[in-house]
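Remarks on the overall topology
Each chain is listed here by its residues.
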Amino acid sequence: MDDYANIWLHRAKWAYLLLVVTTLMTPVFYVMYISFNENGFGAAEYVFTTRWYGLIFADAQLMNALRWTMSLAAVTTVLTIPMALLAAKFYKATRAKVPVVFLLLAPLFVAPDILSAALLVFFKNLNFTFRWLGDQLGVSFMDGWAQLGFTTSVIGLIIYTIPYAFVVILITMGRYNKEQTEAARACGATGWRAFWDIEFPQIRPGVFSACAFTVILCFNEYTRTSLLKGGFDTFTTVLVSQMLNSGMSEQSYAMSSFVSFVAIALIGGIIVFTLLRSEAAARRAQPVAEPGTRSTAAA
Amino acid sequence: MNAIHPTVQVRQLSKNYGSVQALKNVDLSIAAGEYFVLLGPSGGGKTTLLRTIGGFHKPSSGQVWLNGQEVSHLPPDKRPTAMVFQAYALFPHMSVLGNVGYGLSLAKLPKAEVRDKSIAMLEMVGLKGYEDRRPHELSGGQQQRVQLARALVLDRNILLLDEPLAALDAQLRKDMCLELKHLQEKVGITFIHVTHNQEEAMTVADRIALIANGELVEQGAARDIYRTPERRFTASFVGENNLLSGTVASVEGDTVTVQVCGQPLSVDRRDLPVSTGATVALSIRSELVEMVPEDGSASSADGLSLAGTYTESVYLGLTLSHRVALSDGTQIVSRVVGESDAPPPVAGSAARVRWKPGALRLHIN
Ligand SMILES: Nc1ncnc2c1ncn2[C@@H]1O[C@H](COP(=O)(O)OP(=O)(O)O)[C@@H](O)[C@H]1O
Ligand SMILES: [Mg+2]
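1. Thoughts on the overall build of chain A
Looking only at helices and strands, chain A features 11 helices and zero strands. In chain A, the succession of helices and strands from N to C terminus is α-α-α-α-α-α-α-α-α-α-α. What you see for chain A is a C-alpha radius of gyration of 25 Å, clearly larger than the 19 Å of a compact globule of 299 residues, by over 25%. Looking at chain A as a whole, 36% of its 299 residues qualify as buried. For chain A, the share of sequence-separated contacts (at least 6 apart) that also reach a separation of at least 24 residues comes to 70%. A total accessible area of about 17300 Å² is found for chain A, and carbon and sulfur atoms account for 68% of it. Here chain A holds 21 positive side-chain charges and 17 negative ones, and the gap between their average locations is 10 Å.

2. Quick word on the domain arrangement of chain B
Residue and element names in this part refer to chain B. Assigned domains of chain B: these are domain 1 (8-232) and domain 2 (240-363). Inter-centroid distance (C-alpha atoms) of domain 1 to domain 2 is 39 Å. Taking both partners together, domain 1 and domain 2 bury about 740 Å²; carbon and sulfur atoms supply 45% of that area. Joining domain 1 to domain 2, the criterion identifies two salt bridges. Among the salt bridges present, the one from Glu230 reaches Arg361, with a minimum N-O distance of 3.9 Å. The tally of links from domain 1 across to domain 2 stands at six residue pairs in polar contact (both at pLDDT 80 or more). For the side of domain 1 that touches domain 2, the class distribution of residues is two nonpolar, one polar and four charged.

3. Re the site of ligand 1
All names here are of chain B. Near ligand 1, the surroundings consist of Tyr17, Val20, Ala22, Pro41, Ser42, Gly43, Gly44, Gly45, Lys46, Thr47 and Thr48. Here an oxygen atom of ligand 1 sits 2.8 Å away from a polar atom, N or O, in the side chain of Lys46. In the model, an oxygen atom of ligand 1 is placed 2.5 Å from a nitrogen or oxygen of the Thr48 side chain. Calculation on ligand 1 without its partners gives an accessible area of 560 Å², and the protein chains cover 61% of this total. Within the residue set of the shell around ligand 1, elements represented by two or more residues are β2 (20-30) and α1 (46-54). The leading source of residues in the shell around ligand 1 is α1, at three residues. Of the residues in the shell around ligand 1, the class split is four nonpolar, six polar and one charged.

4. Here's the deal with the sheet that holds strand β20 (residues 361-363) of chain B
Residues and elements named next belong to chain B. Read from one edge of the open sheet, five strands run β13-β12-β11-β14-β20, paired in antiparallel fashion. One side of each edge strand has no neighbouring strand; the edge strands of this open sheet are β13 (263-268) and β20. The mean inter-strand angle of the sheet, taken between neighbouring strand axes irrespective of direction, is 45 degrees. Sheet topology places strand β12 (residues 255-260) next to β13; six bridges connect them, and they run antiparallel. The partner of Val256 across the bridge, within β13, is Val267.

5. Quick word on a nonpolar patch on the surface
Residue and element names in this part refer to chain A. On the surface, a cluster of nonpolar side chains totalling about 740 Å² of accessible area is made up of Trp14, Tyr16, Leu17, Leu18, Val20, Val21 and Leu24. Position of Trp14 among the secondary structure elements: in helix α1 (residues 7-35). For Trp14, a relative accessible area of 48% corresponds to the partly exposed category.

6. Considerations on the packing of aromatic side chains
This structure, assessed with the given rule, holds 27 aromatic pairs over all chains. On the basis of an interplanar angle of 15 degrees and a centroid distance of 4.4 Å, the ring pair of A:Tyr33 and A:Tyr46 is categorised as stacked. With A:Tyr33 in helix α1 and A:Tyr46 in the loop between α1 and α2 (51-58), this pair connects stretches of sequence that are 13 residues apart. A network of ring pairs unites the aromatic residues A:Tyr30, A:Tyr33, A:Phe41, A:Tyr46 and A:Tyr253 as a single cluster. Sitting over the ring of B:Phe91, B:Arg150 keeps its end group 4.5 Å from the ring centre.

7. A short note on helix α8 (residues 191-220) of chain A
In a regular helix each residue adds 1.5 Å, so 30 residues correspond to 44 Å; α8(A) covers only 38 Å between its end C-alpha atoms and thus falls short of that length. Maximal helix bending in α8(A) amounts to about 60 degrees, located at A:Phe200; proline A:Pro201 follows within four positions.

8. Regarding the environment of B:Phe237
All names here are of chain B. Assignment of secondary structure puts Phe237 in helix α8 (residues 232-237). Remark: the alpha-carbon pair of Phe237 and Ile208, spanning 29 residues in sequence, is separated by 12 Å. Setting aside residues up to four positions removed in sequence, Phe237 forms contacts with Leu39, Gly40, Pro41, His196, Gln198 and Leu210.

Conventions we followed
Residues numbered from 1 in each chain as written. Chains lettered and ligands numbered in written order. Predicted model: local features only at pLDDT ≥ 70, side-chain atom pairs only at ≥ 80, totals over all residues. Heavy atoms only, no water. Helix = DSSP H or I, 4+ residues; strand = E, 2+ residues; numbered from the N terminus. Rg over C-alpha atoms; globule rule 2.2 N^0.38 Å. Buried < 20%, exposed > 50% of the residue type's maximum accessible area, 1.4 Å probe, protein only. Contact = heavy atoms within 4.5 Å. Areas by Shrake-Rupley, 256 points an atom, 1.4 Å probe, with all protein chains shown as cover. Lys, Arg positive; Asp, Glu negative; His and termini not counted. Charge placed at Lys NZ, Arg CZ, Asp CG, Glu CD. Domains from an automatic or database assignment. Buried area = accessible area lost by both parts, 1.4 Å probe. Salt bridge = Lys/Arg side-chain N within 4 Å of Asp/Glu carboxyl O. Polar contact = N/O pair within 3.5 Å; in protein donor to acceptor, adjacent residues only side chain to side chain. Nonpolar A, V, L, I, M, F, W, Y, C, P; charged D, E, K, R; others polar. Near = heavy atom within 4 Å. Pairing = 2+ DSSP bridges. Axes fitted to C-alpha atoms, helices over the stretch in contact; angles between N-to-C directions. Patch = residues over 30% accessible without salt bridge, like charges linked within 9 Å, V, L, I, M, F, W, Y side chains within 5 Å. Phe/Tyr/Trp six-rings, centres within 6.5 Å; stacked < 30°, edge-to-face > 60°. Lys NZ or Arg CZ within 6 Å of the ring centre and 35° of its normal. Expected span 1.5 Å × (residues − 1). Bend = angle between axes of the 7 residues up to and from the residue.

Structure, rendered in structure tokens:
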């Protein structure tokens, strides 16, 4: 805002922004509100409790689902981030930018249920092929390769998360000046050392954000996981099947809120961390930025 | 160091970017301890040549020899070169000391030694006391000094500089030019400095090579390039030369007579293969041209002057440039030092430009 701008216009913009966000988030906040009510949804009386959360954590089936969710999120993140990083490096280096971007963002253009159904059919056929091949060769070790399960879910989640991770990393990389890598090479660094010592520290915030993003996407994901998971259950698949079978219970409210809390905490954590860092950097910059006492002919 | 080999030798070097031929069969040889400048218009291929020497890309054909070894296949970190970039090449997440010491810590020198050497080098470039600053807390000139320290501390015997002063303002550039020259004399290693600025080149260079259109046009001592350019392009790019074109009227021994705008000029042949009727170029530095009013005394046959029409004078403080137009519209500039209280001639009046024997130079294409 500059000194001559209309203060009311400025306030109106803020009010608008807050209104939009509140409208979007109100249902979520409402669910969170109910999840702490002893009497549940629609009750005349509100009594604060954490009992419903206690029930979740006492439920062995749910805890098992949560463990699966977290394992999926962890493995997907560990695999997606290096792949996205490599893709972003390749994008910066290649002259054929449009095809690279198209290929990497393609999963975003396909509806999640279509993509996962396609993967499902693909894995089924692959599984059939492996079994047939095994039979022909008289071996059985390939039988499980394309069976629905953890691996197929992870593959589905990688396809889902890689465009986001790619874009987030690419944005931070955009600010990096590649002459720094050349300068490091001229100082005697190998390509890998130059990346690790010089480029990576500068794109680290982007890589961390991409990690957090990937974790949240995996945590919240239902469609792909439910179709590709095979035998086990994740937190969201349990939640959805509960809602479909027996409607929303007090426990479902607590579970929904829990998933939202995790996401908000992660994103909030990143924002606070980033703000603190940039503030600290600004504070560090100030005292020394004063002109030096010695000759400033060079300044 | 092996004294037989030149420190840097480039043989028949070519570099193509797709269909763009950035370098065409360049041969170059640079001796140990030389301050060598690659000068030329932008887009000429200077950076490409420097970066090929530094190993930042492979030549399309030809070879690079450094210290008597063929290095064309080696990456930058395996070459005996250090490099200073135009700007923004400092590591922003490291302190000044961290930047300067980076190469030494890669070489696994003990921490204390890295620190001592880096501080000594910072002192040498005039940045003592700036160790703990971040690059963004330094001025442009200071950042370039840090780059110099970071490169020199590596103790390599060839330093490559790509337009190191281009991002600085004019006054600072002049000061730092001299500093670079003195620094090079002090450390005694080979400097290869790329610039498109001829004043910068003249200030620092022992030798200059002119690069244009991917070709090495001409090379020689800075003074010779300025005073006795061989090629027409050199004359047009270095100094302030008047360029004329004319037809050879006669060749007698070492003297060639060239017709320019219907007036005969005599010029030294310099062993060039010229024949009567050929179209040639002539050049003469503006400070060697004197303008006099045309008094009709008909001295035109001396072959050392041209008649034309005075158009205007431009006052530049230190010098004053008079412009005289020839009959075909070619402008001749006569540049004189010092103030003159005499009123300038009337625009449009007849004037004559003249010079001493030997001032005019002949170029063939
Ligand atoms: N990476 C590149 N890809 C394509 N063309 C390039 C590249 N680098 C330089 N060129 C071209 O090569 C020629 C020489 O460029 P350069 O060496 O940068 O010249 P200079 O440093 O003299 O200004 C120019 O025509 C330029 O456009
Ligand atoms: Mg250049």
